[in-house]
Amino acid sequence: MIPDFAALNAARRTAELTALADGGTVDVVVIGAGITGTGIALDAATRGLRVVCVDKHDLAFGTSRWSSKLVHGGLRYLATGNVGIARRSAIERGILMSRNAPHLVRAMPQLVPLLASMRTRDRALVRAGFLAGDGLRRLAGTSPEVLPRSRRISAERAAQLAPTVRRDGLDGGLLAYDGQLIDDARLVTAVARTAAQHGATVLTYVAASQATGDGVRLTDRFSGASFDVAARTVINATGVWAADIDPGLRLRPSRGTHLVFDAAAFGNPTAALTVPIPGELNRFVFAMPEQLGRVYLGLTDEEAPGPIPDVPRPTDAEISFLLDTVNTALDTALWMTDVRGAYAGLRPLIDTGEGRTADVSRNHAVVESGSGVFSVIGGKLTEYRHMAEDVLDRAVRARGLAASSCRTRDLPLIGAPGNPGAQGPAAELPASLVARYGAEAANVLAAGTCRRPGDPVADGIDVLRAEFEYAVSHEGALTVADIVDRRTRIGLVDSDRDRVLAVAREFAPMPDQPAGD
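Now for a description of the structure that goes with this document.

Parameters and conventions
- Residues numbered from 1 in each chain as written.
- Predicted model: local features only at pLDDT ≥ 70, side-chain atom pairs only at ≥ 80, totals over all residues.
- Heavy atoms only, no water.
- Phe/Tyr/Trp six-rings, centres within 6.5 Å; stacked < 30°, edge-to-face > 60°.
- Buried < 20%, exposed > 50% of the residue type's maximum accessible area, 1.4 Å probe, protein only.
- Lys NZ or Arg CZ within 6 Å of the ring centre and 35° of its normal.
- Helix = DSSP H or I, 4+ residues; strand = E, 2+ residues; numbered from the N terminus.
- Contact = heavy atoms within 4.5 Å.
- Axes fitted to C-alpha atoms, helices over the stretch in contact; angles between N-to-C directions.
- Parallel < 35°, antiparallel > 145°, perpendicular 65-115°, else oblique.
- Left-handed = near helix turned anticlockwise from the far one by under 90°.
- Nonpolar A, V, L, I, M, F, W, Y, C, P; charged D, E, K, R; others polar.
- Core = buried A, V, L, I, M, F, W, Y, C linked by side-chain atoms within 4.5 Å.
- Pairing = 2+ DSSP bridges.
- Right-handed = clockwise from strand over helix to strand, strands pointing away.

This next bit is on the packing of aromatic side chains. Evaluated as defined, the whole model comprises seven aromatic pairs. Here Phe261 and Phe266 contribute two aromatic rings whose centre-to-centre distance is 5.4 Å and whose plane-to-plane angle is 85 degrees, an arrangement assigned as edge-to-face. Owing to a relative accessible area of 0%, Phe261 belongs among the buried residues under this scheme. In this structure an aromatic cluster arises from ring pairing among Trp66, Tyr296 and Tyr343. The positively charged end of Arg65 is found above the aromatic ring belonging to Phe61, 4.9 Å away from the centroid. The cationic tip of Arg186 hangs over the ring face of Tyr437; the distance from NZ or CZ to the ring centre is 4.3 Å.

Another aspect to go through is the environment of Asp58. Along the chain, Asp58 falls in the loop between strand E2 (51–55) and strand E3 (70–71). Distance from Asp58 to Arg88, taken between C-alpha atoms, is 29 Å for residues 30 residues apart in sequence. Not counting residues within four places of it along the chain, the set of residues in contact with Asp58 comprises Ala33, Thr204, Tyr205, Gly476, Asp482, Arg486 and Arg487.

Running from N to C, helix H14 (residues 480–487) and helix H15 (residues 494–507) point in directions that differ by 130 degrees, and their axes come no closer than 8 Å. When the interaxial angle is binned, H14 and H15 end up oblique. Seen along the crossing, H14 lies across H15 with a hand that is right-handed. Packed against H14, whose contacting residues are Val480, Ala481, Ile483, Val484 and Asp485, the element H15 presents Arg497, Val500, Leu501, Ala504, Arg505 and Phe507 at the interface. Of the residues contributing to the contact of H14 with H15, the split by class is eight nonpolar, no polar and three charged.

Our focus in this paragraph is the nonpolar core. Within the largest apolar cluster, 82 residues are counted, with the highest numbers of intra-cluster contacts made by Ile40, Leu187 and Leu273. When residues of this core are assigned to their parent elements, the largest contribution, eight residues, is made by helix H7 (residues 184–197). Excluding anything up to four places from it in sequence, Leu187 contacts Ile35, Leu96, Ala101, Leu104, Leu181, Leu381, Tyr384 and Leu413. Grouped together as the second largest cluster of nonpolar side chains are 20 residues, Val457, Ala458, Ala471 and Val472 included.

The element E2 is largely enclosed, with a buried count of five among its five residues. Neither face of E2 is exposed, since Val51, Cys53 and Asp55 on one face and Val52 and Val54 on the opposite face are all buried. As paired elements, strand E1 (residues 25–31) and E2 share four bridges and run parallel to each other. Considered in E2, the bridge of Val30 is made with Cys53. Handedness of the crossover joining E1 and E2 through helix H2 (residues 35–46) is recorded here as right-handed.

Written as structure tokens, this is what we have:
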């Protein structure tokens, strides 16, 4: 069984809120429970620090759930001459795939079809880029057994991998591999639970205000109760909302949009159909096979000025751009009527004041405010572990914290082989369950106390009732939206979401929205 100290649930939340309100000083308060914030919490806890991580919403509520579900190796950044971020990305990808989360990150084949419309020069550039990607993989020390080498394939093989690819003039394809997450929000949940496993306090629906370098005011958004927490350091990891904590920060959000299709619309592909964007050197549109029998098509990179919404929305222009681009590589065009869902996320880019957002650096920065709050801004999901190590190294030095060195490079997350809670997936378990939970898949069913735990939550959706219960008993889900929209990704398709709401309400311990929302 998974140890109780790795389980996040309503009872634990209540106990930890009570303990915090009773006073005492903690070493670190992290504001924000996306991939960066939970990564910092895990790093701090494994260094022996007393850490509290809070979010006014749920785990992975913001940008961390709206990504392409890719762990990039940095090839795009190599093409623009940013060798440092390309190398770091390749290294961090290898760490995730080999040690931290091999159960959540797997090699995804990416197929660039060689169509008649693709010029010889462009073919050569793509091939050179893929060879450079192979070099990055070797430099990072990632085995070809984990991430295979790139190669050219025949037209027949290309059509097998992407059955709806345009056949007229198809001259084979170029095939490369990158890391693919089963889901980005599941990675955040695994990191948060692993932090809890090592003693971190992780609290959702707790808002932070009046943050300074030595403390913060916390408010339970369900009860409305507020109290102050003293801390030796406070770290702002709120992504695109970072300026709400430190108004001196300058961010330039960009919107990345994806469309959701039934996999059948793409012939149930086994590779990501990768279509170069006309006129761009190193940007592509990807049609990626995903869990739940879906394909995600993305992505865009558009300026997103103005107030930051809780849930960004795709624009009609972005949807048209994605459809128009992918249709250049398809035998039969896709239309708006084929789109089952859509989502958009905002990248928390550092404002350099120049150029397109697509060209803005994806480097991160650590900034200390006048009040002593450390903020980590910029960056990308693949480098979350490195970003956490960087900001904590700085905080430990600046505040004189008694902490050991970083341990996360070789630390298996919950569900990975080698984690203390690992059981090893049993052969008779559903493949979809193992894909989402790895070595703790058996415990999802074993821990189930609900009626018919092995039944799907709805016809045609391969999520089990036991998974909804586990989201609440072990993964910190409190509301229906937590279960449907983040612990599972059923909610990306509105019609599927509607079909499972009644089941989710059987398990959710809290109202759909906190009081006052």
